[in-house]
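# Fold and contact review
Residues per chain, in single letters:
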Amino acid sequence: MIDDRTDMGQTPPEKESAGAITRRRFLTAVFAGATAVGLSGFAAPLIRYAYPVLKGQVYAKQKVTTVSQVTVEGVRFDYQETPSMLIQLEDKSFAAYSLVCTHLGCIVKWEPKNRDFHCPCHAGKFDENGINIAGPPPSPLPKYKVAVEGQDIFVEGIA
Amino acid sequence: MKLGVVDFLDERFDVRRATREFVNHPVPDHVNWLYCFGGITFLCFLIQALTGVLLAFYYQPTMESAYTSVLHIMDDIPFGVLIRSLHAWTANIMIIMVVFHMLRVFFHGAYRPPRELNWLTGVILFFITITFGFSGYLLPMNQLSYWATKVGTEISGAIPFVGQYVQAFLLGGEKIGDATLTRFYTIHVVILPITISALLALHFLMVRKQGIADPL
């Protein structure tokens, strides 16, 4: 080792016989491997970007609850990480909404007594159909498609 | 296996010698970090080409959907924010780097004979870069885009005698609309990229042939 260091650049390179792992080959392989890993790190986001967003993933069907479990309090659930609520309307049909306020994104609260959604941040109000009826919210709450199959209630995507 | 591929190419195209000559190309001693701006500009160009192609996957050049397609890229497409922000920021950085490169060449007097033609292609490349910026500015079709294009095209309309024709040609009509957008899009993604590639090739071939200018 010490000899190698003192006359660096003067000793002839190690002989490369077929298949033998020389220092040069080892370093070449390590460098090439590291470069490949680095480059694929750049390529991965680009490929993910170019690959389409598929409807099947966006509007996946999700079971929320069963009919018998729905009370006036509604059923709180998360749909694709969005806080959401399923309620039973006056006409006994079911409706489900995203609870993200359309004003500035606070989470609205279902008030069973008044039968409306109330936003704690700026006192916005939405009726049981999700329509913005008071305060600053500019548009209704996003509504989900609800499907009742036997006793099970499902949501699938924005209606 | 890797070496097998290199051997295959080497037998046919002599790639080892070509690579050796390319990477061992001598550079004069006086070269310092100030000489990097041209290369950085070219790197910016490569980033713009790559991210620009990716943006074209989702961008739609119509009055109705230009803005919403950009929102779609920003909000819904994975890494869309990254790709579009890279494109927008690199556009700004590229113009700054072009100016630095030009100042370096100017103050070193590197434009003097026999390198006049390289300076000339450089100036044209500068204007192409500016035109890239101007045409790309309209494409998101937000308020800033609209008014910048209105101001820009009206400036061209103020040119004596030919102004109104230039303005009509740029707008593709009497005011900013679908025709303007498709025109600017075509200029931005077809005409300018072809032109800049050809001129860049000339620019690089000339500096390769003549070498970097001697210091003052």
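All figures in this text were calculated on a predicted structure; none of them were measured in a lab.

### Regarding the overall build of chain B
Within chain B one finds nine helices and zero strands. Its C-alpha atoms give chain B principal-axis dimensions of roughly 55 × 50 × 30 Å. Each of the 216 residues in chain B was classed as buried or not, and the buried ones make up 23%. A separation threshold of at least 6 residues defines the contact pool for chain B, and within that pool the share at least 24 residues apart is 71%.

### Quick word on the overall build of chain A
When you go through chain A residue by residue, the secondary structure sums to three helices and ten strands. When the helices and strands of chain A are read in sequence order from the N terminus, they spell out α-α-α-β-β-β-β-β-β-β-β-β-β. Residues counted as buried form 18% of the 159 residues belonging to chain A. For chain A, the proportion of contacts with a sequence separation of at least 24, taken over those separated by at least 6, is 34%.

### A look at the pairing of strand β4 (residues 94–98) of chain A
Residues and elements named next belong to chain A. Here β4 lies mainly inside the structure; five of its five residues are buried. With burial as the criterion, each face of β4 is covered, one bearing Phe-94, Ala-96 and Ser-98 and the other bearing Ala-95 and Tyr-97. As paired strands, strand β3 (residues 82–88) and β4 are joined by five bridges and run antiparallel to one another. Its bridge partner lying in β4, Ile-87 is registered against Ala-95. The loop that links β3 with its antiparallel partner β4 comprises five residues; one of these, Lys-92, has a positive phi angle of about 75°.

### Digging into the pairing of strand β10 (residues 152–158) of chain A
Residue and element names in this part refer to chain A. Looking at chain direction, strand β1 (residues 61–66) and β10 are connected through five bridges and run antiparallel. If you follow Thr-66 over to β10, its bridge partner there is Asp-152. Bridge analysis of strand β9 (residues 144–149) against β10 gives five bridges, and the strand direction is antiparallel. Residue Val-148 lies in a different strand from β10, and its bridge partner there is Ile-153. Hairpin connection, β9 to β10: the antiparallel pair is bridged by two residues, and Gly-150 has positive phi, about 65°.

### Details of helix α4 (residues 66–75) of chain B
Residue and element names in this part refer to chain B. Within α4 the residues assigned to the buried category are Ala-66, Val-70 and Ile-73. Taken around the axis of α4, the buried residues stretch over an arc of 55°, which confines them to a single face. Of the residues in α4, the exposed ones pointing more than 90 degrees away from the buried face are Thr-68 and Asp-75. Each element contacted by the buried residues of α4 is listed here: α3 (37–56), α5 (80–107) and α9 (178–210).

### Some details on the interface of chain B and chain A
Each partner contributes to the interface: chain B provides ten residues, whereas chain A provides seven residues. When residues in the side of chain B that touches chain A are grouped by element, the largest group, three residues, is from α5(B). Taken together, the residues of the side of chain B that touches chain A break down into seven nonpolar, one polar and two charged.

### Here's the deal with the nonpolar core
Of all hydrophobic cores here, the largest spans 20 residues; its most connected members are Met85(A), Leu86(A), Ala96(A), Tyr97(A) and Val108(A). When contributions to this core are tallied by element, the ones reaching two or more residues are β3, β4 and β10 of chain A. Beyond its immediate chain neighbours, meaning those up to four positions away, Val108(A) contacts Leu99(A), Cys101(A), Phe117(A), His118(A), Cys119(A) and Phe126(A). With 15 residues, the next largest nonpolar core counts Leu54(B), Ile83(B), Leu138(B) and Val189(B) among its residues.

### What to know about the sheet that holds β1(A)
Residue and element names in this part refer to chain A. Pairing in this open sheet of three strands is antiparallel, and the strands run β1-β10-β9 from one edge to the other. The open sheet terminates on both sides in strands that have one partner only, identified here as β1 and β9. Sheet twist, expressed as the average angle between the axes of neighbouring strands with direction ignored, equals 30°.

### Comments concerning helix α6 (residues 116–138) of chain B
Think of an α-helix as turning once every 3.6 residues; residues three or four places apart then point the same way. Residues and elements named next belong to chain B. Under the 1.5 Å per step criterion, the end-to-end length of α6 is 34 Å for 23 residues, consistent within 8% with the ideal 33 Å. The complete set of buried residues in α6 reads Asn-118, Thr-121, Gly-122, Leu-125, Thr-129, Phe-132, Ser-135, Gly-136 and Leu-138. The inward-facing, buried residues of α6 contact α5, α7 (143–157) and α9.

### Regarding the confidence of the model for chain A
Across chain A, the average pLDDT comes to 85, with 86% of residues at or above 70. Scored below 50 in pLDDT, residues 1–5 of chain A shows one contact in the model against residues more than four places distant or in partner chains.

Cut-offs applied
Residues numbered from 1 in each chain as written. Chains lettered and ligands numbered in written order. Predicted model: local features only at pLDDT ≥ 70, side-chain atom pairs only at ≥ 80, totals over all residues. Helix = DSSP H or I, 4+ residues; strand = E, 2+ residues; numbered from the N terminus. Buried ≥ 20, exposed ≤ 12 C-beta atoms within 10 Å, placed from the backbone. Contact = placed C-beta atoms within 7 Å. Pairing = 2+ DSSP bridges. Arc of directions from axis to C-beta. Nonpolar A, V, L, I, M, F, W, Y, C, P; charged D, E, K, R; others polar. Core = buried A, V, L, I, M, F, W, Y, C linked by C-beta atoms within 7 Å. Axes fitted to C-alpha atoms, helices over the stretch in contact; angles between N-to-C directions. Expected span 1.5 Å × (residues − 1). pLDDT = per-residue confidence, 0-100.

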